[in-house]
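Architecture at a glance
Each chain, written out:
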Amino acid sequence: MKPLQESIAKREDELVALTRDLIRFPTVNPPGEAYTPCAEYLGARLAKSGFEIEYVRGEGEPGDTDRYPRTNVVARRAGRRPGPCVHFNSHIDVVEAGDGWTVDPFEGVVRDGRVYGRGACDMKGGLAASVIAVEAFIEQYPDYAGAIEISGTVDEESGGFGGVAHLARKGYFSKPRVDHVIIPEPLNKDRVCLGHRGVWWAEIETKGEIAHGSMPFLGDCAVRHMGALLAAFEEKLFPALDAKQTRMPVVPEGARRSTMNINAIHGGQTDDYTGLPSPNVPDSCRLTIDRRFLLEEAISEVKGEVLAILDDLKATRPNFDYTISDIMEVMPLMTEKDAPVATAVAHGIQTIFDREPDYVISPGTYDQKHIARLGHLYDCVAYGPGILDLAHRPDEWVGIADMVQSAQVMALALEELLGLASE
């Protein structure tokens, strides 16, 4: 075992303690609780290792308020000589705990070789592993060339606009500042995640005419129009999507095709009242769709399939009318397997696990999308400890041995990317 690997193995207790400390910040999004103290904790720790610390608030971004500021931390440590910069980016926000826990979700309980807690897997265990990896690396190579950055960013769970997107617009994820990015998302310790499927979110509204509920023939029910749209989706769109396959190595297997989720539907009287509803024919019904698409599909094709069904209904169904508005669109991403950062992480996996890594694509997007589309930086992969299937679930956990081994892989990748692998 190389001295760098041994150094990380000896830091296991420190790695566990750091993970527990991070879990104890209830950085729940929404609304965005405890972002600032968590960011400041991370910044204070990294400052002790010689990092220059910046706190960058995502002012003007969705959700940012004085009560819930979108506080990001960016830490940078320049080496003794010029060279490339490797950036480890982790999000500090977590989803709500929800019900069904057998342990306190914000205590960081250690049991049976695991650390339990909301965010343990997604992705405070990965953040802690990257910190330990970098600290061990600096101790081993105090005279390294180049630069190392670690960031703790916010709002990934709600799109990342107050976090990585905000920073990318300000140049924090672009050359010449940064050359390589590793995002320690929980995609298994022996896999390299090269990217993700594309996503198009949209809201469709069907129109009607209000009338008394006892005489619906005098009005026009927008919910029935929406029902016709849903029926057309079932008959025409979903079978067509299911038939589309991709060369992208998406996991799990069911995501290796196009999908669309009906995310929400609202029609008629709202439920923000007490008492009984009034008898009205609904004149509006709104549907939110979450369409995930493949590298082989153009966004114009993706939208065109939905618009064709809507326009056909407008032409054939009496009084059918609609509006559609985009909420978000992100193109599919797939870093090449022979890109520098993917190669370096793969070599680390080969060293630690004595096997070739699996190369995968995430079914859902993560902050790599902003690094590519706004920072125009494409040498980026996701790699970190944890099992994605545990994310957002009760009794979420991350394996302690997995964190140690992932930290070793990250350190070896850093060693290679900064030109020190042969030393």
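1. Regarding the sheet that holds strand β16 (residues 397–399)
- A sheet is described by the order of its strands in space; here three strands give the open sequence β4-β5-β16, paired in antiparallel fashion. Only two strands of the sheet have a single partner each, and these edge strands are β4 (110–111) and β16.
- With three bridges joining them, strand β5 (residues 114–116) and β16 adopt antiparallel strand pairing. Among the inter-strand pairings, Arg-114 is bridged to a residue of β16, identified as Gly-399.

2. Describing the pattern of salt bridges
- Applying the stated criterion across every chain, the model contains 30 salt bridges.
- Ionic pairing is found between Asp-312 and Lys-236, a salt bridge with its closest N-O pair at 3.3 Å. Note that Asp-312 is positioned in helix α7 (residues 299–316) and Lys-236 in helix α6 (residues 222–242), a separation of 76 residues in sequence.
- Using a relative accessible area of 41% as the deciding quantity, one classes Lys-236 as partly exposed.

3. Overview of the sheet that holds strand β10 (residues 259–267)
- If you trace the four strands from one edge of the open sheet to the other, you get β10-β11-β9-β12, paired in antiparallel fashion. The sheet terminates laterally at β10 and β12 (322–330), the two strands that pair on one side only. Going across the sheet, the axis of each strand differs from the next one's by a mean of 15°, ignoring polarity.
- The pairing of strand β9 (residues 198–207) with β12 spans eight bridges and is classified as antiparallel. Residue pairing for β12: Ala-202 is matched across the bridge by Asp-326.
- Against the sheet, α6 contacts β9, β10 and β11 (284–293), and its axis sits at roughly 175° relative to β10.
- Across the face of the sheet, α7 comes into contact with β9, β11 and β12 while running at roughly 165° to β12.

4. Some remarks on the packing of helix α2 (residues 12–23) against helix α10 (residues 400–417)
- Interaxial distance between α2 and α10 falls to 10 Å at its minimum, and their mutual angle equals 110°. Viewed along their axes, α2 and α10 adopt a mutual orientation that is roughly perpendicular. Contacts between α2 and α10 involve Glu-12, Leu-15, Val-16 and Thr-19 on the former and, on the latter, Ile-400, Met-403 and Val-404.
- Along the lines of polarity and charge, the residues of the contact of α2 with α10 split into five nonpolar, one polar and one charged.

5. Structural notes on a nonpolar patch on the surface
- A cluster of nonpolar side chains, Met-215, Phe-217 and Leu-218, forms an exposed patch at the surface whose accessible area comes to about 330 Å².
- With respect to the element layout, Leu-218 can be found in the loop between β9 and α6.

6. Concerning helix α3 (residues 35–47)
- Along its 13 residues, α3 runs 18 Å from first to last C-alpha, staying within 8% of the 18 Å computed at 1.5 Å per residue.
- Listed in full, the buried residues belonging to α3 are Tyr-35, Cys-38, Ala-39, Leu-42, Gly-43, Arg-45 and Leu-46. In a view along the axis of α3, the buried residues occupy a sector of 160°, so they form one face of it.
- Looking at the packing, one finds that the buried side of α3 touches α2, β1 (52–57), β2 (71–78), α4 (120–140) and β6 (145–153).

7. Here we look at the packing of aromatic side chains
- Under the criterion given, the structure shown has four aromatic pairs.
- Ring geometry for Phe-25 and Tyr-41: centres 5.5 Å apart, planes at 50°, overall tilted. Of the two residues, Phe-25 sits in the loop between α2 and α3 while Tyr-41 sits in helix α3, which places them 16 residues apart along the sequence.
- Given a relative accessible area of 18%, Phe-25 falls into the buried group.
- Summarising the aromatic geometry, the rings of Phe-137 and Tyr-141 are spaced 5.1 Å apart at their centres and angled 50° between planes, so their arrangement reads as tilted.
- Exposure remark for Phe-137: the relative accessible area of 0% places this residue in the buried category.
- Classification of Tyr-141 by relative accessible area gives buried; the value is 9%.
- An aromatic cluster of three or more residues is present, and its members are Phe-137, Tyr-141 and Tyr-144.

8. Some points on the pairing of strand β3 (residues 81–91)
- Of the pairings in the sheet, the one linking β3 to β6 comprises eight bridges and is parallel in character. Along β6, the bridge assignment pairs Ser-90 with Gly-152.
- With three bridges joining them, β3 and strand β7 (residues 180–183) adopt parallel strand pairing. Bridged to His-87 within β7 is Val-181.

So, how was this worked out
- Residues numbered from 1 in each chain as written.
- Predicted model: local features only at pLDDT ≥ 70, side-chain atom pairs only at ≥ 80, totals over all residues.
- Heavy atoms only, no water.
- Pairing = 2+ DSSP bridges.
- Helix = DSSP H or I, 4+ residues; strand = E, 2+ residues; numbered from the N terminus.
- Salt bridge = Lys/Arg side-chain N within 4 Å of Asp/Glu carboxyl O.
- Buried < 20%, exposed > 50% of the residue type's maximum accessible area, 1.4 Å probe, protein only.
- Axes fitted to C-alpha atoms, helices over the stretch in contact; angles between N-to-C directions.
- Contact = heavy atoms within 4.5 Å.
- Parallel < 35°, antiparallel > 145°, perpendicular 65-115°, else oblique.
- Nonpolar A, V, L, I, M, F, W, Y, C, P; charged D, E, K, R; others polar.
- Patch = residues over 30% accessible without salt bridge, like charges linked within 9 Å, V, L, I, M, F, W, Y side chains within 5 Å.
- Areas by Shrake-Rupley, 256 points an atom, 1.4 Å probe, with all protein chains shown as cover.
- Expected span 1.5 Å × (residues − 1).
- Arc of directions from axis to C-beta.
- Phe/Tyr/Trp six-rings, centres within 6.5 Å; stacked < 30°, edge-to-face > 60°.

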